[in-house]
Number of protein chains: 2
Amino acid sequence: MGMTSRAGSETTPKGRGRRPGGTDTRAAIVDAARKSFAAKGYDKASMRGIAREAGVDPALVHHYFEGKAGLFAATLDVPVDPAELIDRITAGDVDRLGWRIVETFLTVWEPPERRDALVALVRSSMTSEEAARMLREFLGREVFGRIAASTGAADPQLRGALAASQMIGLVVARYVIRVPALVEATREELVERIGPVLQAHLVDRVPERE
Amino acid sequence: MGMTSRAGSETTPKGRGRRPGGTDTRAAIVDAARKSFAAKGYDKASMRGIAREAGVDPALVHHYFEGKAGLFAATLDVPVDPAELIDRITAGDVDRLGWRIVETFLTVWEPPERRDALVALVRSSMTSEEAARMLREFLGREVFGRIAASTGAADPQLRGALAASQMIGLVVARYVIRVPALVEATREELVERIGPVLQAHLVDRVPERE
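Residues numbered from 1 in each chain as written. Chains lettered and ligands numbered in written order. Predicted model: local features only at pLDDT ≥ 70, side-chain atom pairs only at ≥ 80, totals over all residues. Heavy atoms only, no water.

- In the nomenclature of an unreviewed UniProt entry, chain A corresponds to TetR family transcriptional regulator from the organism Terrabacter ginsenosidimutans.

Structural data, given as structure tokens:
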């Protein structure tokens, strides 16, 4: 909407009204996509609608991005390298692993504009098998799979999945369903309360079955 | 609204306008309840308002359903009374509270036909503020709010919300996103792994801030 008027202001006297190609165009498309995915979820946002929102020709969106999934991945392009973050998380003291994950997670995702992308991702994974698959593969391969493997635990897959379930639940309860006590909780409270729980999922000895 | 007119059509020549008791009546009440919960949220929907919506006497609603929680469960097609389940959960040994919650939860929700209703509820709470409100109010008032209050903890709201976040995350990760290790986990494994985590959220001493 705002994008459309910006595109309009770039209209040249020659009558070429379309936004020209370049870095700004790509950024405008990603920006429009982020809004569309957050507002509509993955399934209902369309390349055409995103093009309209960005004030560009649909062909240009297809020029920059393979498809909706590729464009969706670009919206998650938070200015951090996930691999590097995970390296930092797993390099530290294993006795503080759980707390470090929550701290890092909140640092990366708490700024509102990034949170929107995260909410869009989780929301899409509810209604789109494509998005669900993307999310579970990303979490398994790049995030919780690597973290759980780093501890040398006997059952890294289950441990990583359990840690993922708590973090997914935090995102859903705090940002989507908006459970009041979690909306109001401070960053420090969340680290203090969820840190030991991730530690239990990932590191603690599992008690013998009685 | 539609219910009222259906009730009207059942008016006998004798002028007895009330819907008679029976299977249809119960179904009409559940249908009216579903609409009321969606429109007003859990807290503001009342047994009286639901009776009006269904075109029946309020006494008839109380005849069929113990209370609002039971009526809510009926809208999800789950043949259990949440209030009674929570009573059973909170009545037991507090040292096993977390494990008991997971066991009860899985007993109630694991049968596929009920799971579908649960997944539908969680899924709709992702895209509809109406559904989100209904879910968070129900969980707060009837489920985790009551469980957390039963322990006498100083901060029942935050503890209940954290426990809710883990259980929501389990539902999302196991049934919706279908993280493989959680799909494959047995009921016993889930009780063993998530029990202590709920115990930490609800009961354990929170360590001093360092």
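1. Re the overall build of chain A
Consideration 1: The secondary structure content of chain A amounts to 12 helices and zero strands.
Consideration 2: Along the chain direction, N to C, the helices and strands of chain A fall in the order α-α-α-α-α-α-α-α-α-α-α-α.
Consideration 3: By the burial criterion, 48% of the 210 residues in chain A qualify as buried.
Consideration 4: A separation of at least 24 residues holds for 68% of the contacts in chain A among residues at least 6 apart in sequence.
Consideration 5: Of the roughly 10200 Å² of accessible surface on chain A, 52% is carried by carbon and sulfur atoms. (Helix = DSSP H or I, 4+ residues; strand = E, 2+ residues; numbered from the N terminus. Buried < 20%, exposed > 50% of the residue type's maximum accessible area, 1.4 Å probe, protein only. Contact = heavy atoms within 4.5 Å. Areas by Shrake-Rupley, 256 points an atom, 1.4 Å probe, with all protein chains shown as cover.)

2. Structural notes on the pattern of salt bridges
Consideration 1: What the rule picks out here adds up to 18 salt bridges over all chains.
Consideration 2: R34 of chain B serves as the salt-bridge partner of D31 of chain B, at 3.7 Å between the closest nitrogen and oxygen. Separated by three residues within a single helix, D31 of chain B and R34 of chain B lie in helix α2 (residues 23–44), roughly one turn from each other.
Consideration 3: Of the charged contacts, one joins E129 of chain B and R136 of chain B as a salt bridge, the two residues approaching to 3.0 Å between their closest N and O atoms.
Consideration 4: With a relative accessible area of 46%, E129 of chain B lands in the partly exposed category.
Consideration 5: In this structure, a network of salt bridges that share partners links the residues D31, R34 and K35 of chain A. (Salt bridge = Lys/Arg side-chain N within 4 Å of Asp/Glu carboxyl O.)

3. Digging into the interface of chain A and chain B
Accessible area lost on assembly of the parts is the figure often given for the size of an interface.
Consideration 1: At the interface, 41 residues of chain A touch 41 residues of chain B.
Consideration 2: Interface area, chain A with chain B, both sides summed: about 3700 Å², of which 68% is carbon and sulfur.
Consideration 3: Three residues stand out in chain A for area buried against chain B, namely M126, I177 and R193 of chain A, and they jointly supply 21% of the buried area on that side.
Consideration 4: Across the contact surface, chain A and chain B share two salt bridges.
Consideration 5: The salt bridge involving D155 of chain B is made with R193 of chain A; its shortest N-O contact spans 2.2 Å.
Consideration 6: Across the contact surface, chain A and chain B share 10 residue pairs in polar contact (both at pLDDT 80 or more).
Consideration 7: Elements supplying a minimum of two residues to the side of chain A that touches chain B: α8 (112–127), α9 (129–150), α10 (156–176), α11 (180–184) and α12 (187–202) of chain A.
Consideration 8: Examining the composition of the side of chain A that touches chain B, we find that 13 residues originate from one element, α10 of chain A, more than from any other.
Consideration 9: Residue composition of the side of chain A that touches chain B, by class: 22 nonpolar, seven polar and 12 charged. (Buried area = accessible area lost by both parts, 1.4 Å probe. Polar contact = N/O pair within 3.5 Å; in protein donor to acceptor, adjacent residues only side chain to side chain. Nonpolar A, V, L, I, M, F, W, Y, C, P; charged D, E, K, R; others polar.)

4. Some remarks on the packing of aromatic side chains
All names here are of chain B.
Consideration 1: Per the counting criterion, the structure on display carries seven aromatic pairs over all chains.
Consideration 2: Considering the side-chain rings of Y42 and F138, the 5.3 Å spacing of their centres and the 70° angle between planes classify their relative orientation as edge-to-face. Of the two residues, Y42 is situated in helix α2 and F138 in helix α9 (residues 129–150); the sequence distance between them amounts to 96 residues. When sorted by exposure, Y42 lands in the same class as F138, which is buried.
Consideration 3: Grouped by ring-pair contacts, the aromatic residues F37, Y42, F72 and F138 constitute a single cluster.
Consideration 4: The ring of Y42 carries K68 above its face, with NZ or CZ at 4.7 Å from the centroid. (Phe/Tyr/Trp six-rings, centres within 6.5 Å; stacked < 30°, edge-to-face > 60°. Lys NZ or Arg CZ within 6 Å of the ring centre and 35° of its normal.)

5. Describing the UniProt feature "DNA-binding region" (unreviewed entry) in chain A
Consideration 1: Under the UniProt annotation, the feature "DNA-binding region" (unreviewed entry) is placed at residues 46–65 of chain A.
Consideration 2: Here residues 46–65 of chain A is 75% helix and 0% strand, with 13 Å between the C-alpha atoms at its ends. (UniProt positions renumbered as here; feature names shortened; annotations may be inferred.)

6. A look at the side chain of S165 of chain B
Consideration 1: Relative to the assigned elements, S165 of chain B resides in helix α10 (residues 156–176).
Consideration 2: Within the structure, S165 of chain B has its side chain in polar contact with the backbone oxygen of L162 of chain B (distance 2.7 Å).
Consideration 3: Apart from residues lying up to four places away in sequence, S165 of chain B is in contact with Q166, G169, L170, A173 and L182 of chain A.

7. Considerations on the side chain of S125 of chain B
Consideration 1: Relative to the assigned elements, S125 of chain B resides in helix α8 (residues 112–127).
Consideration 2: On the basis of relative accessibility, which here comes to 2%, the residue S125 of chain B falls in the buried class.
Consideration 3: Within the structure, the side chain of S125 of chain B is placed 2.6 Å from the backbone oxygen of V122 of chain B, a separation counted as a polar contact.
Consideration 4: Sequence-distant contacts of S125 of chain B, that is, excluding residues within four places in its chain, are made with V176 and I177 of chain A together with A131, A132 and L135 of chain B.

8. A word on unusual backbone geometry
All names here are of chain B.
Consideration 1: Phi is positive for D77, close to 65°, though the residue is something other than glycine.
Consideration 2: Relative to the helices and strands, D77 is located in the loop between α5 (68–75) and α6 (82–91).
Consideration 3: In this model, R178 sits at a positive phi of 60°, which is unusual for a non-glycine residue.
Consideration 4: As for its position among the elements, R178 is in the loop between α10 and α11 (180–184).

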